[in-house]
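Okay, here's what each chain looks like letter by letter:
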Amino acid sequence: MFLSDGLTAGNMLMQLMMVLGGLGLFLYGINQMGDSLKTIAGDRLKIFIEKTTNTPLKGILVGILVTALIQSSSGTTALMVSLVRSGLMTFPQAIGVILGANIGATVTSFIVSLNIEKYSLFFVGIGALIIFFLKNDKVKEVGKIIFGFGLLFFGLKTMGEALDVILKAYEDQATSAFAFLSKVPILGLLIGTGVTAVVQSSSATISILQTLYQQGTIAVIGAIPIMLGCNIGTTITACIACVGGGVQAKRTATVHVMFNVVGAILFMVLLWPFSKLIELIEASMLSGLGPRPRMTIAICHMLFNVITTVVMFFFIPLMVKLATKWIKDKPDEKQTILDELLDYSLIEKSPTLALSFAKKSVDYMCECVTKYVDMAKCYSFEKKSFDIDPAELEKTINSLDKRIHDYLIKLTLTDLSVSNSHLLSAYLDTIKDLERIGDHCTNIFEFFDERYETNKELSEDGKQDLEQIYAVLLNMVNVTIESFYSWNKELAVQANQYEEEIDKLEVVFHHRHVHRINSGACSYLNADHYVEILSNIERMGDHLKNISDSISADEYCKFDEFNH
C-alpha cells in the first residue's frame with residue numbers, strides 16, 4: 001500500500017520509529033551528559049549555588065553557568081526547588097538562578113547548530129572505550145560525557161533523516177500545515193508547550209524545530225511561537241518537583257511558571273517585529289558563515305531569553321510579592337516559622353533579641369532531632385513508613401545546622417555583652433552536637449536498611465538488649481532537650497546520669513553479643529553492624545552529655561537573661 005510518492009505504510013512506520021528512536025537517543029545523550037557532569041561536580045555544585053546566590057544578579061550568572069554545565073534548565077530549576085525545600089536556599093535567592101537557567105538552556109541549541117552529526121559515532125566509540133577499559137571512576141564519568149555527546153548528535157541525525165523522508169513524501173501537506181501555523185501563532189505556542197511538557201525537555205523540542213527550519217519546512221514567524229511554547233512547557237518539571245514540598249518550594253515553582261508565561265505573552269505580542277529582527281540577523285550577521293538555519297533558531301532562542309531576563313529582572317520584587325500572595329503561608333508551616341525566627345534585620349537593630357530568636361531556632365532543631373531519634377528506634381525493630389520521610393528530616397537537620405550557624409556567626413560581629421557571648425558559644429556547640437546525633441540516626445537507618453534487604457533478623461536476646469539501651473537513650477534525649485528548652489540545671493545534671501548508664505550498657509551488650517556469636521546463639525550472618533549500632537547509640541549519649549554540660553556549667557546558667 002502506497003501512501004504518498006512511493007512511501008509505503010511499512011516504510012512510513014519505519015520512519016516514524018526512527019524519529020522516535022532518534023528523539024530517545026537525543027534525550028538519553030543529553031541526560032547522560034548532565035548526570036555525569038553533576039556526578040563529577042558532586043556536592044560542590046550545591047555548595048557553589050548556596051554560597052554564590054546572595055544577590056539576584058549573582059543568581060542569574062550562577063543559573064546560566066549551572067544550566068550550561070548540566071545541559072538542562074529543568075534540572076537547574078528542579079535543583080533550586082529541592083534546595084528551597086530543604087532550607088538551603090531562600091525563595092528570593094532561587095529566583096535569580098531560575099532567570100539565569102533559561103539563558104543557560106540556549107547553550108544546547110548552539111551545540112546542536114554546530115552540524116557535527118557526521119562525527120557522532122566517533123564520539124560514541126571514544127566514550128564507550130573510556131567507559132569499558134579505564135578503571136578510574138572520574139575518568140569513566142568523562143567517558144560518559146563524551147558518549148552522551150555523541151549519542152545526542154547521532155539521535156539528532158537519525159531523527160533529521162527520518163523527518164526529511166516524511167516531509168518530502170508529504171511536502172504539499174507539510175507546507176500547508178506549517179503555513180497555517182504561521183497564520184495562527186497561538187496554535188504553534190500550544191504545540192510547543194504540549195510537546196515539551198510530554199518529553200520534559202525544551203532542548204529536544206528546540207532541536208526538532210531547528211531540524212524543521214533547516215529543511216525549509218517552517219518559516220521564522222511560525223517557528224517563534226513553538227519556541228515560546230517550549231519555555232512554557234519546560235516549567236512542568238518545577239511543578240512536579242514542588243509536589244509535596246513546602247510553601248517556599250511552591251512559590252519558587254510559581255515564579256518559574258510566571259516568568260516563562262509572561263515572557264511568552266510579551267513576545268507573542270511582539271511576534272511580527274521580532275521575526276523581522278531574526279530575519280535581518282540571518283540575512284546580515286550569518287550570511288558570511290554560509291547557510292546556518294539551525295544557528296538562526298539558536299540565536300532567536302538566546303535573544304528571547306536574554307531580553308526576557310533583562311526585563312523581568314526589574315520585576316523580581318513584584319514576582320516575589322505575587323507568589324507570596326497566591327501561595328499563602330500555612331499555620332503549621334515550620335519553614336515559615338524558621339524564616340521569621342532567623343530575621344537578619346534584627347542583628348543590627350537588636351542583637352539581644354536576635355539571640356533570643358536564635359535560641360527558638362535551636363529549640364526547633366532539638367524538636368527535629370528528638371523526632372529523628374524516635375524514628376530510628378522504631379525502625380530498629382520494624383521496617384515501616386513514617387509520616388515524615390527520614391531522608392527529608394535529615395536534610396532539615398543539616399539545613400538548620402548550617403543556617404543557624406551562619407546566623408550566629410553573623411551575631412558574633414555585633415557588640416554582644418559577655419553573658420550573651422557565652423550563650424552564643426553554647427548555642428554553636430549545641431547545634432554541632434545535634435547535627436552529629438542526626439548523623440548517627442542516619443547510620444542506624446542505613447544499617448537496618450541493609451538488614452531488611454537481606455532478611456537478617458535480630459536474635460531475641462539482641463533485640464532485648466537493644467530495647468533496653470534505647471529506653472535509656474530516649475529518656476536521656478527527653479531530659480536533655482527539656483533542660484535545653486528551659487535552661488534547667490537540675491535536669492541537665494540528671495541527663496548526665498543517663499549517659500553513664502548508656503556507657504555501661506554499651507560495654508556489657510557488646511560482650512553479650514560476642515558471647516552469642518561464640519556460643520552459636522547468633523550466626524555470623526546475622527551479626528553484621530550490631531556492634532556499630534551500639535556504638536552509634538553510645539556516641540549519641542556523648543553528644544547529649546555535651547549539651548547538658550553546657551547547661552549545668554555555672555558560667556552559662558547564670559547568664560540566661562531572657563529565657564525566664
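The rules behind the values
- Residues numbered from 1 in each chain as written.
- Predicted model: local features only at pLDDT ≥ 70, side-chain atom pairs only at ≥ 80, totals over all residues.
- Heavy atoms only, no water.
- Helix = DSSP H or I, 4+ residues; strand = E, 2+ residues; numbered from the N terminus.
- Buried < 20%, exposed > 50% of the residue type's maximum accessible area, 1.4 Å probe, protein only.
- Contact = heavy atoms within 4.5 Å.
- Patch = residues over 30% accessible without salt bridge, like charges linked within 9 Å, V, L, I, M, F, W, Y side chains within 5 Å.
- Areas by Shrake-Rupley, 256 points an atom, 1.4 Å probe, with all protein chains shown as cover.
- Salt bridge = Lys/Arg side-chain N within 4 Å of Asp/Glu carboxyl O.
- Lys, Arg positive; Asp, Glu negative; His and termini not counted.
- Charge placed at Lys NZ, Arg CZ, Asp CG, Glu CD.
- Disulfide = S-S within 2.5 Å.
- Axes fitted to C-alpha atoms, helices over the stretch in contact; angles between N-to-C directions.
- Parallel < 35°, antiparallel > 145°, perpendicular 65-115°, else oblique.
- Left-handed = near helix turned anticlockwise from the far one by under 90°.
- Nonpolar A, V, L, I, M, F, W, Y, C, P; charged D, E, K, R; others polar.
- Core = buried A, V, L, I, M, F, W, Y, C linked by side-chain atoms within 4.5 Å.
- Phe/Tyr/Trp six-rings, centres within 6.5 Å; stacked < 30°, edge-to-face > 60°.
- Lys NZ or Arg CZ within 6 Å of the ring centre and 35° of its normal.

A. Representation of the overall build of the protein in the model. When you go through the protein residue by residue, the secondary structure sums to 26 helices and two strands. Burial statistics for the protein: of 564 residues in total, 50% are counted as buried. Considering only intrachain contacts with a sequence separation of at least 6, the fraction spanning at least 24 residues in the protein is 80%.

B. Broad picture of a nonpolar patch on the surface. Together, I265, L266, V269, L270, I307, V310, V311, F314, F315 and L318 give the surface a local cluster of nonpolar side chains, amounting to about 900 Å² of exposed area. Residue classification places I307 among the partly exposed residues on the basis of a relative accessible area of 33%.

C. Quick look at a negative patch on the surface. Taken together, the side chains of E446, D449, E450 and E453 define an acidic patch exposed on the protein surface. Turning to its location among the elements, E453 is positioned in helix α22 (residues 418-453). A residue is classified by how much of its surface remains accessible, and E453, at 63% relative accessible area, is exposed.

D. Up close: the state of the cysteines. The final tally for this structure, using the stated rule, is zero disulfides. The thiol sulfur of C368 is not disulfide-bonded, and the nearest other cysteine sulfur, from C366, lies at 9.3 Å. Of the residues examined, C368 reaches a relative accessible area of 6% and is grouped as buried.

E. Up close: the packing of helix α11 (residues 202-214) against helix α16 (residues 293-313). Following both chains from N to C, one finds α11 and α16 inclined at 135 degrees, their axes separated by 8 Å at the closest point. On the basis of the axis angle, α11 is oblique to α16. Considering the relative orientation of α11 and α16, their crossing is right-handed. Within the contact between the two elements, α11 uses I206, L209, Q210, T211, Y213 and Q214 and α16 uses P293, R294, T296, I297, A298 and H301. Of the residues that constitute the contact of α11 with α16, the class distribution is six nonpolar, five polar and one charged.

F. Structural view of the nonpolar core. Counting residues in hydrophobic clusters, the biggest one holds 64 residues, and the most contacted among them are V373, L408, L466, L473 and I537. Taken together, the elements giving at least two residues each to this core come down to α20 (351-379), α21 (390-412), α22, α23 (460-486), α24 (489-519) and α25 (530-552). Considering each element in turn, this core owes the most residues, 14 residues, to α20. In this structure, I224, L228, I297 and F304 belong to the second largest nonpolar core, which totals 22 residues.

G. A look at the packing of aromatic side chains. Enumeration over the complete set of coordinates arrives at 14 aromatic pairs. When the centroid spacing of 6.0 Å and the interplanar angle of 85 degrees are considered together, the rings of Y427 and W487 count as edge-to-face. Taken together, the residues span a long stretch of sequence, with Y427 in helix α22 and W487 in the loop between α23 and α24 at a distance of 60 residues. By relative accessible area, W487 is classed as buried at 2%. Each residue in the set Y372, Y379, F386, F445, F448 and Y452 is aromatic and connected to the rest through ring pairs, giving one cluster. Directly above the ring of F484 sits K359, whose terminal nitrogen or CZ lies 4.7 Å from the centroid.

H. Up close: the side chain of S483. Relative to the helices and strands, S483 resides in helix α23. With relative accessibility at 0%, the residue S483 sits in the buried group. Ignoring anything within four residues of it in the chain, the contact list for S483 reads N488, L491, A492 and I551.

I. Structural context of the pattern of salt bridges. Under the counting rule described, the total for this entry stands at eight salt bridges. With its nearest N and O atoms 3.6 Å apart, the salt bridge here joins K144 to E141. Residue K144 and its partner E141 are located together in helix α8 (residues 137-169), separated by three residues, close to a single helical turn. When its relative accessible area of 15% is taken as the criterion, E141 is described as buried.

J. Quick peek at the environment of I551. By the element assignment, I551 lies in helix α25. Of the residues examined, I551 reaches a relative accessible area of 0% and is grouped as buried. In this structure, the C-alpha to C-alpha distance between I551 and K489, residues 62 residues apart in sequence, is 5.9 Å.

K. Structural view of the environment of L190. Considering the arrangement of structural elements, one finds L190 in helix α10 (residues 185-199). A residue is classified by how much of its surface remains accessible, and L190, at 55% relative accessible area, is exposed. Linking L190 and L228, residues 38 residues apart in sequence, is a C-alpha distance of 9.2 Å.

The values reported here are purely geometric and, on their own, carry no functional implication.
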